Amino acid sequence: ASSGSGSSAKVLKVGSSIDFAPFEFQDEGQKEYQGFDMDLIRAIGKEMGYEVEVQNIGFDGLIPALQAKNIDVIISGMTINDERKQNVSFSDPYYQSGLTMVVRSDEQAIKSFQDLKGHKVAVQIGTTSVEAVKKLGGVEVKELNTPADCFMELKGHGVDAVVNDRPVNDYYITKSGETGVKALEEKLTAEDYGIALAKDNTELQSKINEALKKLKENGEYDKIYAKWFGG
Ligand code: ARG
């Protein structure tokens, strides 16, 4: 935000990995970032009296950027977990998610996570999918930069499955009109998304939690939810 003489809008610097529709993505020819997270953080910023500025940062660079104080918060479909809590603090959960997998439509061998043994699986680098798939044992894990890269690898037969967040897999399959691949129902994990902020910045944390609570009470959260996930 440029501040003219004296006027100084408070700016909330937000980092997000803009590769995760319907949470954060950019449509061709549009310069505004879109998605559930983008609408939510703009509404939270407004509630807090802050102007929101979003920087596109690769998912595995988000926590380092927060620690370097280049950004104030992360909203990026980021799962709250203990490992991350050693380095950052989180808001209250704002979305319930979990991991599912996508395979080619004609896949016969892989019907459940147990079938992944001996197969190659693509996951986005730095995400909860990496550890979850490694834990299965006997799976060759390919860590790629974005979910789009993972789906491309699947279609090109470089891997036999993609493990990624359920709402993103579902959106990819329904919205992209993609026919060569399908998402399986089985869930590998249940995960909650939170907004990350500098460890122990309890002041910012409570401001964000208050704003989130307000948006849940006044119906704004439900509106944003319905816009991206249906009523
Ligand atoms: N929920 C997963 C995690 O926290 C994946 C998040 C990926 N987000 C993104 N914008 N690419 O690790």
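Above this note sits the structure.
Just so we're clear, the structure is a prediction, and the values are computed from it rather than from any experiment. Residue indices begin from 1 for each chain and proceed along its sequence in written order. Side-chain atom pairs in this predicted model are given and counted only at pLDDT of 80 or more, local residue features only at pLDDT of at least 70, and totals for whole chains, interfaces and linings cover all residues. To get the side-chain values, all heavy atoms of the structure are used, and hydrogens and water are removed first.

1. Section: empty space enclosed by the protein
Residues are said to line a cavity or pocket when one of their atoms sits within 4 Å of a point; the points come from a 1 Å grid over protein atoms alone, cavities being sets where a 1.4 Å probe fits but cannot get out and pockets being open sets with protein on both sides within 12 Å along at least five of seven lines. Grid points are joined across faces, edges and corners, and a volume is the space filled by probe spheres set on the points. Summed over all chains, the structure comprises one cavity of 30 Å³ or more. In this structure, the largest cavity encloses a volume near 90 Å³. Along the wall of the largest cavity there are 14 residues; nearest its centre are Phe20, Phe59, Gly77, Thr127 and Asp165. For the lining of the largest cavity, a count of residues per class yields two nonpolar, seven polar and five charged. Note that the domain bounds were set by an automatic or database domain assignment. Formed jointly, the lining of the largest cavity draws a minimum of three residues from each of two domains, domain 1 (10-94 + 194-229) and domain 2 (97-190). Under the convention adopted here, Pro, Cys and the residues Ala, Val, Leu, Ile, Met, Phe, Trp and Tyr are nonpolar, Asp, Glu, Lys and Arg are charged, and Gly plus all remaining residues are polar.

2. Concerning the packing of aromatic side chains
How two aromatic rings sit relative to each other is given by the distance of their centres and the angle of their planes. Aromatic pairing here means that ring centres of Phe, Tyr or Trp (its six-membered ring) are within 6.5 Å. Orientation follows from the plane angle: under 30 degrees is stacked, over 60 is edge-to-face, and everything else is tilted. The full count for this structure, using the stated rule, is 19 aromatic pairs. Look at Phe23 and Tyr193: their rings are 5.2 Å apart centre to centre, the planes differ by 80°, and that puts the pair in the edge-to-face class. Here Phe23 is found in the loop between strand 1 (10-16) and helix 1 (36-48), whereas its partner Tyr193 is found in strand 10 (residues 189-193), with 170 residues between them in sequence. You'll find Phe23 and Tyr193 in the same group, each marked buried. Ring centres of Phe23 and Phe229 lie 5.5 Å apart, and the angle between their planes is 45°; on these two criteria the pair is classed as tilted. Separated by 206 residues along the polypeptide, Phe23 in the loop between strand 1 and helix 1 and Phe229 in helix 8 (residues 220-229) bring together distant segments of the chain. Residue classification places Phe229 among the partly exposed positions, given a relative accessible area of 25%. Clustering of aromatic rings is evident, with ring pairs tying together Phe20, Phe23, Phe36, Tyr94, Tyr95, Tyr193, Tyr221, Tyr225 and Phe229. Geometry around Tyr221 places Lys216 over its ring, the cationic atom sitting 4.9 Å from the centre. Helix and strand definitions follow DSSP, with helices as H or I runs of at least four residues and strands as E runs of at least two, each counted in order from the N terminus. The buried label applies to any residue whose accessible area, calculated with a 1.4 Å probe on protein chains only, is under 20% of its type's maximum; exposed applies above 50%, and partly exposed to all values in between. We count a charge as sitting over a ring when the NZ of a lysine or the CZ of an arginine lies within 6 Å of the ring centre and within 35 degrees of the ring normal.

Purely geometric stuff here, so don't read any function into it on its own.
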